[in-house]
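Working through the structure, step by step
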Amino acid sequence: MLGRRTVAGQVFVLQVVVVLVLVAAAVVALVLQARYDSTQEARNRSLAVAETFAEAPGTLAALRARDPTAVLQPRAEAAREATGVDFIVVMAPDGTRYTHPLPDRIGKKFVGTIEPALAGEPVTEEIEGTIGRLVQAVVPIQEPDGTVVGLVSAGITTEHVGGAADRQLPLVLTAAGVGLAVATAGTALVSRRLLRQTRGLGPREMTRMYEHHDAVLHAVREGVLILDGDGALLLANDEARRLLDLPDDAEGRHVRELGLDPATAEVLASGRVATDEVRLVKDRLLAINQRPTDLTGGPPGSVVTLRDSTELRALSGRAEVARERLDMLYAAGVGIGTSLDVTRTAQELTELAVPRFADFVTVDLFDAVLAGEQPEAGLELRRTAFGGIRDDAPLYPVGRHIHFVPSSPQARSLRSGQAILEPRLNDAPGWQAQDLERTAQVLEYGIHSLITAPLRAGSLVLGLANFWRSRQPEPFDAEDLELAEELVARAAVSIDNARRYTREHTMAVTLQRSLLPRSLPEQNALEVAYRYLPAQAGVGGDWFDVLPLSGARVALVVGDVVGHGLHAAATMGRLRTAVHNFTALDLAPDELLTLLDEMVARIDQHEAEEGGSAPVTGATCLYAIYDPVARRCAIARAGHPPPALVLPDGRVEFPEVPAGPPLGLGGLPFETADLELAEGSRLVLYTDGLVEDRGRDIDVGLGLLREALEQAGTSPEDTCRAVVDARLPARPSDDIALIVARTRALGADRVAAWDVPTDPAAVADVRSSVTRRLAEWGLDELAFTTELILSELVTNAIRYGGAPIRVRVLRERALICEVFDSSSTAPHLRYAGMTDEGGRGLFLVAQLAERWGTRYLPTGKVIWAEQPLP
């Protein structure tokens with residue numbers, strides 16, 4: 001049984017070798033550890049003895065005595081014998097010994113390293129002495145001030161602290177013997193079990209039998225699996241690994257852990273009888289046969305055979321093709337039409353079909369479809385989208401206008417409204433007649449088959465989709481034609497939706513653009529720059545205006561109507577028109593907003609009565625009037641974000657302007673803030689799309705706006721550019737209107753003012769003063785008409801108004817004459833009868849002036865008239 005040719009004998013020899021190696025390793029480790037422990041113990045003991053003796057009472061005093069040897073020698077020997085060290089030497093700082101176990105060595109130099117001890121640090125070292133290998137330590141003896149006055153050295157040989165290895169070695173050898181005996185007994189048991197399980201066969205017979213079984217197992221063309229009673233895989237031949245795509249480490253793992261589909265794994269793990277059960281395993285249909293191994297008294301488990309059927313595989317292939325087509329149609333339903341852009345929708349069709357269905361796909365649409373209009377019948381289309389497995393195909397490029405000849409399959413498809421299949425383009429003369437040179441290049445490139453299908457939405461034909469095949473040698477067939485029709489039908493609905501949206505969006509944008517100012521009016525009070533940025537989707541109701549007023553003043557207005565679409569754009573136009581009309585009344589900002597609020601409330605009321613579902617309530621507005629003479633700006637706002645003010649030195653402020661309610665709510669009055677603006681200040685008005693966002697608070701947006709304004713240039717145009725570059729989101733969800741106005745001042749040399757007594761004789765003085773001032777301004781040509789205008793206005797103020805009365809003349813873009821009085825009664829223009837003595841004054845003013853009007857103030861009114869400058 002223990003012969004070297006048997007498995008048991010080989011195992012026995014191996015175990016004996018292992019035990020001997022372990023014993024040798026233990027002895028070596030023990031010796032090394034003992035040597036290390038001896039050296040470490042010698043270091044610790046010698047250092048402790050030397051430090052103890054150096055710090056002992058009387059040692060320092062003995063060094064100061066006239067004969068240190070006489071005092072220290074007896075102490076050192078007594079300490080040496082008590083501690084078990086081999087020597088204790090006390091020496092002078094220069095190394096001269098005071099003590100030594102051998103008296104003849106006293107007075108001689110110490111052998112060893114003393115420099116670290118002289119520096120105040122103990123030192124331990126190993127040396128080879130006359131008594132063998134030893135460890136000695138040297139420590140300093142120091143005065144209280146740290147001065148080294150002597151040294152103490154203690155040493156011990158390592159053999160005096162060893163001996164542990166000698167005590168442990170017998171134990172190690174005994175353990176080795178016991179291990180060897182146990183290994184021998186274990187080997188006998190293993191050999192006996194091997195003989196019983198192999199039934200007396202020798203190694204050669206066993207090897208030959210294994211080789212025969214292995215060759216047969218892996219040569220059969222059926223998959224074979226052997227499983228134990230718990231469902232773990234014990235063996236799998238090559239065919240089973242191929243059919244099931246098993247991992248390399250499959251053997252030993254449970255069948256549910258091998259990545260099989262749950263149904264197949266359940267059959268294999270159950271161990272039940274199965275006969276030709278067909279299962280789809282990944283891309284194969286397998287016939288499974290399974291038999292338990294314990295039916296005849298064998299061990300628990302099962303044997304499984306697998307067979308791949310050619311007919312089943314073909315059926316599986318057809319099922320896979322059908323599933324792929326269903327997947328493609330599903331993908332078309334969710335992947336085409338993700339945006340309301342005609343071109344993008346057409347491109348999505350090409351991305352879906354390449355390369356799953358065709359190698360190249362082109363989409364051609366009528367120009368009217370791209371513009372959102374309803375197409376008319378014709379044969380000229382524009383190539384809108386292209387997709388392919390390569391980019392160098394010699395097909396018409398995107399953007400090219402294509403006029404299809406009547407014989408081409410595209411023209412026939414447009415006329416009939418049906419998809420047309422050209423399985424072999426080299427046998428299609430009608431297609432080749434389209435462009436002989438280009439079609440020859442297409443055939444040479446390898447494109448050999450075509451399906452062209454019309455994009456139909458109801459009765460409308462929007463264009464064509466062309467599917468080309470080159471890489472696959474098989475041409476398109478009837479089944480491919482049906483699939484192409486399904487894909488195109490789904491894409492046509494999305495393209496038509498995008499076309500309708502484009503039309504509605506274009507109409508809304510056109511309406512909105514027509515309602516916004518196309519150019520700014522001419523005025524000198526403000527240098528204005530603006531930006532209007534529409535939202536990414538939809539049309540909003542943001543608007544702005546710059547309106548010249550009387551007295552060289554300018555009004556700035558910014559508004560926002562909540563919502564998007566035609567209703568928001570139309571409402572914005574109504575509000576803008578209303579502001580224009582109210583501005584003609586020359587009202588204060590709070591009064592104008594009050595009238596606008598009442599108008600919005602009436603609009604909402606009418607909408608409610610007519611069943612409308614989109615009230616205007618929620619619209620906001622900010623109205624500001626700047627006076628370049630007084631350099632003051634009156635501002636009021638209705639639910640609108642506050643204005644920003646950039647001072648001439650670059651500092652940015654947000655003035656305190658009372659926030660009234662949005663337009664249409666009513667119930668609360670509006671308040672006006674009066675600001676004094678230094679010349680060169682920049683007033684920044686904007687809508688909430690610039691500072692508000694769904695994921696950001698308005699305070700954060702105002703802080704970011706402040707940073708952008710602080711870094712902007714001094715001109716309004718530079719300020720607009722900096723703000724838009726810094727604050728414009730990648731996909732703005734709301735419209736943005738921005739106005740930057742830099743203030744100018746009308747200098748005192750361009751303004752003349754006089755107080756007028758309530759005496760009709762004062763009119764002559766006013767005429768004289770005005771004539772002199774016009775002469776200074778070089779406007780003598782206007783003296784006569786100006787005298788007439790002021791005469792009539794001042795006379796009316798004296799006769800019908802109240803004191804005080806003031807006259808002001810401004811030389812701006814026009815010559816402006818203003819007469820102020822404290823009465824709130826306004827004169828009216830009328831036709832005087834032939835017999836009337838009065839009533840012709842204002843008629844005369846209206847004829848001589850280019851414009852005239854009345855402006856009300858808290859303390860009275862101003863009647864003004866403008867004349868153009870020569």
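Criteria and cut-off values
Residues numbered from 1 in each chain as written. Predicted model: local features only at pLDDT ≥ 70, side-chain atom pairs only at ≥ 80, totals over all residues. Heavy atoms only, no water. Helix = DSSP H or I, 4+ residues; strand = E, 2+ residues; numbered from the N terminus. Buried < 20%, exposed > 50% of the residue type's maximum accessible area, 1.4 Å probe, protein only. Contact = heavy atoms within 4.5 Å. Core = buried A, V, L, I, M, F, W, Y, C linked by side-chain atoms within 4.5 Å. Axes fitted to C-alpha atoms, helices over the stretch in contact; angles between N-to-C directions. Parallel < 35°, antiparallel > 145°, perpendicular 65-115°, else oblique. Left-handed = near helix turned anticlockwise from the far one by under 90°. Nonpolar A, V, L, I, M, F, W, Y, C, P; charged D, E, K, R; others polar. 1 Å grid on protein atoms, 1.4 Å probe; cavity = no way out; pocket = protein on both sides within 12 Å on 5 of 7 lines; lining within 4 Å. Points joined across faces, edges and corners; volume = space filled by probe spheres on them. Pairing = 2+ DSSP bridges. Expected span 1.5 Å × (residues − 1). Salt bridge = Lys/Arg side-chain N within 4 Å of Asp/Glu carboxyl O.

**Some thoughts on the overall build of the protein**
Scanning the protein for helices and strands turns up 22 helices and 31 strands. Residues counted as buried form 44% of the 870 residues belonging to the protein. A separation threshold of at least 6 residues defines the contact pool for the protein, and within that pool the share at least 24 residues apart is 60%.

**Structural notes on the nonpolar core**
Trp-543, Leu-596 and Tyr-623 are the most contacted members of the largest nonpolar core, which totals 53 residues. When near neighbours in sequence (up to four residues on either side) are disregarded, Trp-543 contacts Leu-516, Val-557, Val-558, Gly-559, Asp-560, Val-561, Met-572, Leu-575, Arg-576, Val-579, Cys-621 and Ala-737. By size, the runner-up hydrophobic cluster in this structure holds 45 residues, among which are Phe-366, Ala-411, Phe-467 and Leu-487.

**Remarks on the packing of helix H18 (residues 698-710) against helix H19 (residues 716-727)**
The geometry of H18 relative to H19 is characterised by a closest axis approach of 9 Å and an angle of 135° between their N-to-C directions. By the angle class used here, H18 and H19 are oblique. For the element pair H18 and H19, the recorded crossing hand is right-handed. For the pair formed by H18 and H19, the contact residues are Gly-701, Leu-704, Leu-705, Ala-708 and Leu-709 on the first element and Thr-719, Ala-722, Val-723, Ala-726 and Arg-727 on the second. Residues belonging to the contact of H18 with H19 are distributed by class as follows: 7 nonpolar, 2 polar and 1 charged.

**A short note on the layout of surface pockets**
When its volume is computed, the largest pocket comes out at roughly 870 Å³. Residue lining of the largest pocket: 30 residues in total, with Arg-553, Asp-627, Arg-855, Leu-857 and Pro-858 positioned closest to the centre. Contributions of two or more residues to the lining of the largest pocket are made by helix H17 (589-609), strand E19 (620-627), strand E20 (632-638), strand E27 (751-756), strand E28 (805-811), strand E29 (814-821) and strand E30 (851-857). For the lining of the largest pocket, the residue count by class is 17 nonpolar, 2 polar and 11 charged.

**Side note on the sheet that holds strand E31 (residues 860-868)**
Strand order in the open sheet formed by 5 strands is E27-E28-E29-E31-E30, with antiparallel pairing between adjacent strands. The strands lining the two open edges of the sheet, one partner per strand, are E27 and E30. Each strand of the sheet is rotated relative to its neighbour by a mean of 15°, with strand direction disregarded. One ladder, built from 8 bridges, connects E29 with E31; its direction is antiparallel. Paired with Phe-820 across the two strands is Val-862, which belongs to E31.

**Digging into empty space enclosed by the protein**
In this structure the tally under the stated criterion is 1 cavity of 30 Å³ or more. Around the largest cavity, the lining comprises 13 residues; the ones closest to its centre are Leu-395, Tyr-396, Trp-431, Gln-434 and Trp-468. By residue number, the principal contributor to the lining of the largest cavity is helix H14 (residues 436-445), which donates 3 residues. Considered class by class, the residues forming the lining of the largest cavity number 7 nonpolar, 3 polar and 3 charged.

**Describing helix H21 (residues 783-800)**
Given a rise of 1.5 Å per residue, 18 residues ought to cover 26 Å, and the 25 Å separating the end C-alpha atoms of H21 matches this to within 8%. Of all the residues in H21, the buried ones are Ala-783, Thr-785, Thr-786, Ile-789, Leu-790, Ser-791, Leu-793, Val-794, Asn-796, Ala-797 and Ile-798.

**Brief notes about the pairing of strand E11 (residues 380-388)**
In terms of strand pairing, strand E10 (residues 360-365) meets E11 through 6 bridges, oriented antiparallel. Counterpart to Val-361 in the pairing with E11 is Gly-387. In this structure, E11 lies alongside strand E12 (residues 401-403), joined through 3 bridges in antiparallel fashion. What sits directly across from Arg-382, in E12, is His-401.

**Brief notes about the sheet that holds strand E16 (residues 526-533)**
A sheet is described by the order of its strands in space; here 5 strands give the open sequence E16-E26-E25-E21-E22, paired in antiparallel fashion. Strands with a single pairing partner mark the edges of an open sheet, and in this sheet they are E16 and strand E22 (652-653). Strands in contact with H19 are E16, strand E25 (682-686) and strand E26 (736-743); relative to E16, the strand with the most contacts, it is inclined by about 25°.

**Observations concerning the pattern of salt bridges**
All chains considered together, the criterion is met by 36 salt bridges. For Asp-435, the salt bridge identified is with Arg-438, shortest N-O distance 3.8 Å. Since its relative accessible area comes to 23%, Asp-435 is described here as partly exposed. Its relative accessible area of 22% is what places Arg-438 among the partly exposed residues. As a salt-bridge pair, Arg-469 and Asp-480 come within 3.9 Å of each other at their nearest N and O atoms. Highlighted residues: Arg-469 in strand E15 (residues 460-469) and Asp-480 in helix H15 (residues 478-515), separated in sequence by 11 residues. Judged by relative accessible area, which is 7%, Asp-480 ranks as buried.

**Structural notes on unusual backbone geometry**
Residue Pro-355 is reached from Val-354 by a cis peptide bond, and omega for that bond is 0°. Take Pro-355: it is sitting in the loop between helix H10 (342-353) and E10. A cis amide bond links Ala-803 to the next residue, Pro-804, at an omega of -5°. When you line up the elements, Pro-804 lands in the loop between H21 and E28. One non-glycine residue, Ala-552, lies in the positive phi region at around 65°. Position of Ala-552 relative to the elements: it lies in the loop between strand E17 (540-548) and strand E18 (554-564). Note on Ala-552: relative accessible area 6%, which makes it buried. Look at Asp-586: it is not a glycine, yet its phi comes out positive at around 55°. Considering the arrangement of structural elements, one finds Asp-586 in the loop between helix H16 (566-583) and H17.

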